[in-house]
Each structure stands twice: as C-alpha cells, then as structure tokens.
Amino acid sequence: MSPALLDVVGLVRDYALPRPHPFAAAPRLRVLHGIDLSVPKGGSLGIVGESGSGKSVTALAIMGLLPRPPARIRGGRIEFEGQDLLKLSDRAMQRLRGPGIAMVFQEPMTSLNPVFSIGEQIMETIRAHESVSEKGSFARAVEMLEKVGIASATNRMTDYPHQLSGGQRQRVMLAIALVCRPRLLIADEPTTALDVTIQAQILQLLMDLRDEFGMAMMLITHNMGVIAETADRVLVMYAGRVVEQAPVGRLFDQPLHPYTRGLLSCVPTLDQDQDRLIAIPGNLPEPLRGPGGCRFAPRCGYAVPACEAAIPALVTFDTNHAAACIRVNDFG
Amino acid sequence: MAALLEATGLTKHYDVQARGFFCRVRTALRAVDGVHLTIEPGETLGLVGESGCGKSTLGRLLIRLIPATAGRVMFNGQEITNLGPKPLRAVRRAMQIVFQDPFGALNPRMSIEDTIIEPLLIHGSRRDAAARDAVTQMLDKVGLPDSARFRFPHEFSGGQRQRIGIARALILRPKLVVCDEPVSALDVSVQAQIVNLLSDLQVELGLTYLFIAHDLAVVKHISTRVAVMYLGKVVEIADKRSLYARPLHPYTQALLASVPVMHPSRRRRGPSGEPRITGDIPTALAPPSGCRFHTRCPHAMPVCRTEEPALRVADAAHQAACHLLAK
C-alpha cells in the first residue's frame, strides 16, 4: 500500500454541555471514542454509519472546523503528510485547507452564500489561498465550472445559488472544493439530498475528478450502495466508535460485525425478492446514556452477557480486516 | 373486482405570479396533469419519481386534501371530487394519510393519547373508555408501550414518531392509506422496522396502500403494482415484477440504472455504462412540448418533440407512455 496521506490515531472528542446550574461543572459528552483511520495517497475511504455515529464530527475534526469551545480534543493525533494537524496554528491550518484538504458538505442549499454569485464564491476561494489576479482567478473559476459539468460556464458565473437546481449547486460546491486541487477531498453525504438520477451523475463526476486530479477521497454516507460504488476501504461507525474496517469487497462478502451485517441486510435491493426485511430492532443509542458494554449489544441478535461487561476493542483478524466484537470468532 | 379508487384526468394547476416589467404575468404550474389511475382493494400501489414530479400532490389529490383543477376521483363507487364538507367528512373516515416528516407531522403540544384519539373525536366519538381502549389497541399494534400515551412527541425517536403517525392514521380503520414517503426521513436500520410494520398491518387490517417514495428498492419491496411519474404525468404503470424486470419507458430504465449497486463487484464506471440520463428535471412551469422526457431521453426522435405519447397497453398488466412502443 502506498504511504498514508492522512493518519488519524486514537482521536477522542468531547463536547461541553450547558451547566445545569451556575456552580456546577459543565457535563461533558463524548462523541468520538478513539477513532483510528488512514487514507492512502489517491485512495478512497468510505465511512458509513447512521445519524449520531460520529462520522460528520470526524470529518469536521480533521478539517479543524469544530468550534472550540464547546468541542474539545481529549487525545489522539491527526497526521496529514506527516504533520500533526492538532498542533498547527490557526493560520497554518487555514493555509492547508484548500490545496491540502477540502470538504464538500451535505446541504447544497445552505452551504452556499445566497447573496454572492457562484463565480464570486469560487474566485474567493482561489484568492484566499493563492495570489492570483482577478482575471486569472476568473479564468480558473470558469475552467473549474466546466470541469464539474456546468454548461455555458462563463454565463453562469454571475448566477446566484437560488437560480440553480440542487444538482447544479452540488456541482458548484464541488468546484469550490476542487479549485485549489486538494490532495484530500472529504465529502460529507454529498448526494443525500439529491434524486437518484442526479446522485448517479454526481458520484460519477466525483470518481472521474478523483482519477483526473489523483486526489484521495474520504466519502461519508449512510448508504451502503454509495459505498459499493465508490470506496476502496470502508469504515463502519456506530455511536462514536469504529466497529469494523475492511477493504470494500471483503466487507460486502464477509461482514464480521453484527451491525455491519444488519446494515447490509436491512435495506431492500433491486436484485432480490424478500418477503420480509431483516430489521435491526430498537433505536440508535443516545450518546449520554447507555450500557457499559458494547453499545450495539441492546440491538444485537448475537449478544451474550459478556457483551455487557466491557467495550470490545477493534481487533484485526486478517491483514486488513478489523472488527470490534467479542463473538467474531463464533461467526467465522 | 371493482376498483377502490379510480382517478380520471386528474389535474392540479397552481397559479404562479411571475413579475413582468409592467404587469404581472400569470402562469400555471402544472403539478399534476391529466392522471388516470386505479387502485384495487387490498393492493399496494407504489408511486415513484424524482422530487418535484408531483407524486405528493397526486397523493393528496386522491384523498381530496387539496381540490383538483380538473378531473374526478371515484372512491368506493362514489365521486368525491365535488362533495360538500359534510359528506366528505364521512368519506374521509375511510381514507387516511401518513406523512413523511415524523418531526413536523405531530403537534408538539399534544400528548400521544390526544394525538391518536383526535380522529375519533372529529368523527363523532366521545372521549370515553371505548375510545381509550381503541388507543391502547392501536399503540399495541404499532409496537409502542401503553405508557407512551401520556408522553409527548419530543420524547420519541424518529422511528417511534412514525409509529405514532401510523397509529393516528389507522385508528379510524380506513380502507385506503396514503403513505407519503413514510420512511425516507428515517435511519436505514429503522426504515426496515417501519416497512415491516406497514406490511403486517396491511394483512391484519385489510388495508390498501398508495405508497409514495423515491427509493425504488423500498417501493419494489412493498408494492404489488408501481406507477412512475415524470413532470406531472404517469409515464409507466405496471405489475411490480414486470416493471422491474422489463421497464419499457426510457425514464424508468434510467431511474433503475441510477440506483447504486449493492456490491462493489458490480460497479458501473466509465462512459460505457448503461444509459444514464443527464441534466435536471425541467420546471413544471414550462414543461417541454411533446413527450416531457424528450429533453433528457437517450432515444428521443423527432416525433417526441411534437406529439405527446399516450399511455399504451403493452400487455395485460403493463402500460407505458412512449413513442418507441408504437413501433
């Protein structure tokens, strides 16, 4: 495997909650319990999980975009090209965003500024990171808009976000993220708000641009289909922890963690006819409360009393397949 | 078998004011444009299409939550398009709706019991032991504990709230339930629970569903027949098996080809893939002439630009509106 571009080791994050009364200590809510992940140069890592699993917080932590306070890092390292991002100054971090790491957000409706034209927003990004002339940045912006598949780009530069459809806005978001040629692109649910036909277009575009620019990608989604279409490696998250990690083919062929198996079997597919869906019982756990042991145990069909005792560690089974479940050996 | 619901030429136009320089120009937004549809008793008719294609509007038209511009709806052999408020209320007992957003569809200031019992009160029951028993039964049927009745919506998760919405819709023992994207706001692990619950209740209570969704796999799972909508028109309607195995309309084919694969070995990359469609859905303010899909269709012919294709019978259980079928 090529050397890692991004290495996250043991990332722990807390949020300070409002104090119950003025003299009390602020209670802390742990949202990430020691996340390890790594993205190789030019590789693509998929992170899958449901709401509250901590996938977006992980992305924002890597980007250094979590407001502090209330968010607080309690441990771990985020190494990008050998540099620990947690030790960088705000200015150094700002220089890294753009050409180093860029991010695409889920909501194309709210992530663009409604009072600036899309051209100004793309050019602003270029000028924030590079010293280029007005003319030069205009040309670059037009070129980027063409790359992301916006027709008659020169004329669209003066359009405002409300004049674009959801799919086009997501293309503009991509243009903004990619205009400084980042080495790592983090895409947080880039297609969740879109229709399937548009989703297929955007995913295709993402993969084409990845190949063209040779950048690495971290794609966050709750949709196993999107993972199957785009990722090389997959990380499954549940309640702020990584519960399974494997190459994509292996994860679909031989999922080890009961939660991963549940995720794969609870969605109906086009190729199979099932009488009944195999649902995962219960609801997602709330971050504050919860049992002491495995967070998935209350919903797990394979749970034994030992699961309640301690939180299972992520154990590597094959060279690159790891799962956090004490009964993995029983499933084979 | 007589159809439970039959819609003929159902149309809904919204007046939209576009501002001209000197005058206001009124244009019609054609949300639903001449839809013919039947729903047989006991079946689940799936309704799919991209956002903005008019599927929710159609669902609401069918149970007269909104008045139609033209066309008519027969429910149980009775025309409901022009019913006055009183007879309409009597018919409404038999047609209910489950909404998409479980956070917006429940009144945050009403307890769960108040929410579920309200339809009974509206339809003339008293708030007596019998009505409370009905709530208990309904809570049990949707898989919530009886203690839930005194609690309020904010205490429940999305999936549990959707169960409350279902209980409220079913307490009147309706015949037809319109499910408007009932699972799209839920996490995937909870979606399956609600889909299974809806299937179980259908068998137990003999319900007929109109199931509106944009997720083709969920619709395939739950439906007996499926209708595909594009820009206010039904472009294909068929038996589930027939539609998914042999989609006739290029739009249906493109929709199916756009669904992400369920295994990485079946990735479709590169330009050689199946016919994917390009571009966005056009605005319903000025739909394209002829066949509304011709602007995005990989097989468009000159005739598609000028003539609107009618729904053609391909075989007994399969109809599609495409000029390619005329050949």
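All values reported here derive from a predicted model rather than from experimental measurement. (Residues numbered from 1 in each chain as written. Chains lettered and ligands numbered in written order. Predicted model: local features only at pLDDT ≥ 70, side-chain atom pairs only at ≥ 80, totals over all residues.)

1. Quick notes on the overall build of chain A
Reasoning step 1: Each helix and strand counted, chain A has 11 helices and 12 strands in total.
Reasoning step 2: Relative to its length of 332 residues, chain A is compact, with a C-alpha radius of gyration of 21 Å against a globular reference of 20 Å.
Reasoning step 3: Across the 332 residues of chain A, 44% fall into the buried class.
Reasoning step 4: Of all intrachain contacts in chain A linking residues separated by at least 6 positions in sequence, the fraction that spans at least 24 positions is 65%. (Helix = DSSP H or I, 4+ residues; strand = E, 2+ residues; numbered from the N terminus. Rg over C-alpha atoms; globule rule 2.2 N^0.38 Å. Buried ≥ 20, exposed ≤ 12 C-beta atoms within 10 Å, placed from the backbone. Contact = placed C-beta atoms within 7 Å.)

2. Regarding unusual backbone geometry
All names here are of chain B.
Reasoning step 1: If you check the backbone angles, Arg173 has positive phi at about 50 degrees while not being a glycine.
Reasoning step 2: If you trace the backbone, Arg173 turns up in the loop between α5 (158-170) and β7 (176-180).
Reasoning step 3: For Leu231, which is not a glycine, the phi torsion comes out positive at approximately 45 degrees.
Reasoning step 4: The topology assignment puts Leu231 in the loop between β9 (225-230) and β10 (233-239).
Reasoning step 5: The class for Leu231 is buried, based on 23 C-beta atoms found within 10 Å.

3. Quick look at the nonpolar core
Reasoning step 1: Counting 185 residues, the largest nonpolar core has Ala175, Leu184, Leu185 and Met218 of chain A together with Leu210 and Phe211 of chain B as its most contacted members.
Reasoning step 2: Looking at this core, the element that brings in the most residues is helix α6 (residues 166-178) of chain A, giving 7 residues.
Reasoning step 3: Excluding residues that lie within four positions of it along the chain, Leu210 of chain B makes contacts with Ile39, Leu45, Leu47, Gly59, Leu62, Leu176, Val178 and Cys179 of chain B. (Core = buried A, V, L, I, M, F, W, Y, C linked by C-beta atoms within 7 Å.)

4. Side note on the interface of chain A and chain B
Reasoning step 1: At the junction of the two partners, chain A supplies 38 residues and chain B supplies 36 residues.
Reasoning step 2: Mapped by element, the contributors of at least two residues to the side of chain A that touches chain B are α6, α7 (196-213), α8 (224-230), α9 (248-253) and α10 (258-266) of chain A.
Reasoning step 3: The biggest single contributor to the side of chain A that touches chain B is α7 of chain A, with 7 residues.
Reasoning step 4: Classifying every residue of the side of chain A that touches chain B by side-chain character gives 18 nonpolar, 15 polar and 5 charged. (Nonpolar A, V, L, I, M, F, W, Y, C, P; charged D, E, K, R; others polar.)

5. Observations regarding the confidence of the model for chain B
Residues and elements named next belong to chain B.
Reasoning step 1: Per-residue pLDDT for chain B averages 89, and the proportion of residues at 70 or more is 94%.
Reasoning step 2: Across chain B, element-level confidence peaks in strand β8 (residues 208-212) with a mean pLDDT of 96 and bottoms out in strand β11 (residues 312-315) with 85.
Reasoning step 3: Two summary scores accompany this predicted model of the complex, namely pTM at 0.87 and ipTM at 0.82. (pLDDT = per-residue confidence, 0-100.)

6. Digging into the sheet that holds strand β3 (residues 44-48) of chain A
Residues and elements named next belong to chain A.
Reasoning step 1: Strand order across the open sheet formed by 8 strands is β6-β7-β8-β3-β9-β10-β12-β11, with mixed pairing between neighbours. The sheet is open, and its two edges are formed by β6 (101-104) and β11 (315-318), each paired on a single side. Going across the sheet, the axis of each strand differs from the next one's by a mean of 20 degrees, ignoring polarity.
Reasoning step 2: The pairing of β3 with strand β9 (residues 233-238) spans 4 bridges and is parallel. (Pairing = 2+ DSSP bridges. Axes fitted to C-alpha atoms, helices over the stretch in contact; angles between N-to-C directions.)

7. Comments concerning α10 of chain A
Reasoning step 1: Within α10 of chain A, burial applies to Pro258, Tyr259, Thr260, Gly262, Leu263 and Cys266 of chain A.
Reasoning step 2: Those residues of α10 of chain A hidden inside the fold are in contact with α8, β9, β10 (241-247) and α9 of chain A together with α6 (188-205) of chain B.

8. Considerations on the packing of helix α3 (residues 118-129) of chain A against α6 of chain A
Residue and element names in this part refer to chain A.
Reasoning step 1: Between α3 and α6, the least distance of the axes is 8 Å, while the angle of their chain directions is 20 degrees. What the angle tells us is that α3 and α6 run roughly parallel. For the pair α3 and α6, the sense of crossing is right-handed. The residues of α6 that touch α3, namely those facing Ile118, Gln121, Ile122 and Thr125, are Val172, Ala175 and Ile176.
Reasoning step 2: Considered class by class, the residues forming the contact of α3 with α6 number 5 nonpolar, 2 polar and no charged. (Parallel < 35°, antiparallel > 145°, perpendicular 65-115°, else oblique. Left-handed = near helix turned anticlockwise from the far one by under 90°.)

9. Considering the pairing of β10 of chain A
Residues and elements named next belong to chain A.
Reasoning step 1: Counting buried positions along β10 gives 6 out of 7 residues, so the element sits mostly inside the fold.
Reasoning step 2: As paired strands, β9 and β10 are joined by 6 bridges and run antiparallel to one another. Looking across to β10, one finds that Leu235 is bridged to Gln245.
Reasoning step 3: Hairpin connection from β9 to β10: 2 residues lie between these consecutive antiparallel strands, with Ala239 at a positive phi of about 50 degrees.
Reasoning step 4: The pairing of β10 with strand β12 (residues 321-323) spans 2 bridges and is antiparallel. If you follow Gln245 over to β12, its bridge partner there is Ala322.

10. Quick look at helix α1 (residues 55-62) of chain B
The periodicity of an α-helix, 3.6 residues per turn, causes residues three or four places apart in sequence to face the same way.
Residue and element names in this part refer to chain B.
Reasoning step 1: Taken across its 8 residues, α1 has 7 buried, putting it largely inside the fold.
Reasoning step 2: Three or more residues of α1 are buried, namely Lys55, Ser56, Thr57, Leu58, Gly59, Leu61 and Leu62.
Reasoning step 3: Just past α1, the residue Arg64 takes up positive phi, approximately 55 degrees.

11. Topic: the pairing of strand β4 (residues 70-75) of chain B
Residues and elements named next belong to chain B.
Reasoning step 1: Two elements, β4 and strand β5 (residues 78-79), share 2 bridges in a ladder whose sense is antiparallel. When the bridges of β5 are listed, Met74 appears paired with Glu79.
Reasoning step 2: The turn linking β4 back onto β5 is made up of 2 residues, and Asn76 within it adopts a positive phi angle of 55 degrees.

12. Notes on the environment of Ala231 of chain A
Residue and element names in this part refer to chain A.
Reasoning step 1: Take Ala231: it is sitting in the loop between α8 and β9.
Reasoning step 2: In this structure, the C-alpha to C-alpha distance between Ala231 and Met217, residues 14 residues apart in sequence, is 8.6 Å.
Reasoning step 3: Ignoring sequence-local partners within four residues, the contact set of Ala231 consists of Ser44, Leu45, Gly46, Leu219 and Val248.

13. Examining the packing of α5 of chain B against α6 of chain B
Residue and element names in this part refer to chain B.
Reasoning step 1: It is the contact of α5 with α6, at a shortest axis distance of 10 Å, that shows an interaxial angle of 20 degrees. In terms of axis orientation, α5 runs roughly parallel to α6. As α5 packs across α6, the resulting crossing turns out to be right-handed. Along the contact surface, α5 presents Gly158, Gly159, Gln162, Arg163, Ile166 and Leu170, while α6 presents Val190, Gln193, Ile194, Leu197, Leu201 and Leu205.
Reasoning step 2: Tallied by class, the residues present in the contact of α5 with α6 amount to 7 nonpolar, 4 polar and 1 charged.

14. So, the sheet that holds strand β6 (residues 95-98) of chain B
Residues and elements named next belong to chain B.
Reasoning step 1: Strand order in the open sheet made by the 8 strands is β6-β7-β8-β3-β9-β10-β12-β11, with mixed pairing throughout. Each of the sheet's edge strands pairs with one partner strand only, and the pair in question is β6 and β11. On average, each strand axis in the sheet is tilted by 20 degrees relative to the strand beside it, whichever way the strands run.
Reasoning step 2: Looking at chain direction, β11 and strand β12 (residues 318-320) are connected through 3 bridges and run antiparallel. Of the residues in β12, the one forming a bridge with Arg312 is Ala320.
Reasoning step 3: Most of the contacts of α1 go to β8, to which it runs at about 155 degrees, and overall it touches β3 (44-48), β7, β8 and β9.
Reasoning step 4: Across the sheet, α5 is in contact with β6 and β7; its angle to β6 comes to roughly 175 degrees.

15. A look at the environment of Glu79 of chain A
Reasoning step 1: Tracing the sequence through the fold places Glu79 of chain A in strand β4 (residues 71-80).
Reasoning step 2: Residue class for Glu79 of chain A comes out partly exposed when judged on the 17 C-beta atoms lying within 10 Å of it.

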